[in-house]
Amino acid sequence: MYPTPPVSLATTLEDFIDSAFRFVKRFALRQQLNPDDCARNFMEEACEFERELARGDIDRAVEEFCDVLYVGLTSLKALGIEDDQLIFTLVDTIDKNDGKTVENYNVYKGKVRRK
């Protein structure tokens, strides 16, 4: 078990996002990466996450999941996605998923799907 963290998850996620955006600037990724690079990098991390889940190593899977998030964020920023677009898309995604209810959706083959 982990000790009580010194900050909230929300604060940590904000720091995580800031770190990813600083990473893009530090390596000038907007000038370096194209969509194929971003897709390849993202899939590499996603496959590592999947591999660790398949092995049953949840602790390593969590680490790989964080890499997936980081590479996803750096890829979006490298491709020129602005904060406003990301914010509105995140809000839309939240609304879409908050709108899913057990009356209209169920879990089928390991995924929440429309009935």
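Up top is the structure these notes are about.
This is a predicted model, so every value here is computed, not measured. (Residues numbered from 1 in each chain as written. Predicted model: local features only at pLDDT ≥ 70, side-chain atom pairs only at ≥ 80, totals over all residues. Heavy atoms only, no water.)

A.B. asks: Honestly, the environment of Lys77 in this entry has me stumped. Any pointers?
C.D. replies: Its place among the elements puts Lys77 in helix 4 (residues 58-78). Taking C-alpha positions, Lys77 is 29 Å from Lys111, a pair spaced 34 residues apart along the chain. Residue contacts for Lys77: discarding those within four places in its chain leaves Phe21, Val24, Arg30, Glu82 and Asp83. (Helix = DSSP H or I, 4+ residues; strand = E, 2+ residues; numbered from the N terminus. Contact = heavy atoms within 4.5 Å.)

A.B. asks: Help me out: how do you make sense of the pairing of strand 1 (residues 105-108) in this one?
C.D. replies: The two faces of the sheet receive side chains in turn, since in a regular strand these alternate between them. The sheet contact formed by strand 1 and strand 2 (residues 111-114) spans 4 bridges and is antiparallel. Looking at the pairing, Val107 lines up with Val112 of strand 2. Hairpin connection from strand 1 to strand 2: 2 residues lie between these consecutive antiparallel strands, with Lys109 at a positive phi of about 50°. (Pairing = 2+ DSSP bridges.)

A.B. asks: Help me understand unusual backbone geometry, please; the structure alone is not making it clear to me.
C.D. replies: Glycine aside, the phi torsion of most residues is negative, and most peptide linkages are trans. The phi dihedral of Ala28 falls on the positive side, at around 50°, and the residue is not glycine. Along the chain, Ala28 turns up in the loop between helix 1 (9-26) and helix 2 (29-32). Taking the relative accessible area as the measure of exposure, Ala28 reaches 30% and is therefore partly exposed. (Buried < 20%, exposed > 50% of the residue type's maximum accessible area, 1.4 Å probe, protein only.)

A.B. asks: Honestly, the pattern of salt bridges in this entry has me stumped. Any pointers?
C.D. replies: Where charged atoms from two side chains of opposite charge come close, those side chains can pair. Going through the model one piece at a time under the given rule, you end up with 7 salt bridges. Linking Arg51 and Glu52 is a salt bridge whose minimum nitrogen-to-oxygen distance equals 3.3 Å. The class for Glu52 is buried, based on a relative accessible area of 4%. Between Glu64 and Arg60 there is a salt bridge; the shortest N-O distance is 2.8 Å. In this pair, Glu64 and Arg60 are both assigned in helix 4, 4 residues apart and thus about one turn of the helix distant. (Salt bridge = Lys/Arg side-chain N within 4 Å of Asp/Glu carboxyl O.)

A.B. asks: Explanation requested: the state of the cysteines in the structure shown.
C.D. replies: What makes a disulfide is a covalent bond joining the sulfur atoms belonging to two cysteines. All chains considered together, the criterion is met by 0 disulfides. Unpaired in this structure, Cys66 has its nearest cysteine sulfur neighbour in Cys47, at a distance of 17 Å. (Disulfide = S-S within 2.5 Å.)

A.B. asks: What exactly am I supposed to notice about the side chain of Asp37 here?
C.D. replies: Tracing the sequence through the fold places Asp37 in helix 3 (residues 35-55). Overall, Asp37 belongs to the buried group, its relative accessible area being 15%. One polar contact links Asp37 to Arg40, side chain to side chain, over a distance of 2.7 Å. (Polar contact = N/O pair within 3.5 Å; in protein donor to acceptor, adjacent residues only side chain to side chain.)

So yeah, pure geometry; function would need other evidence.
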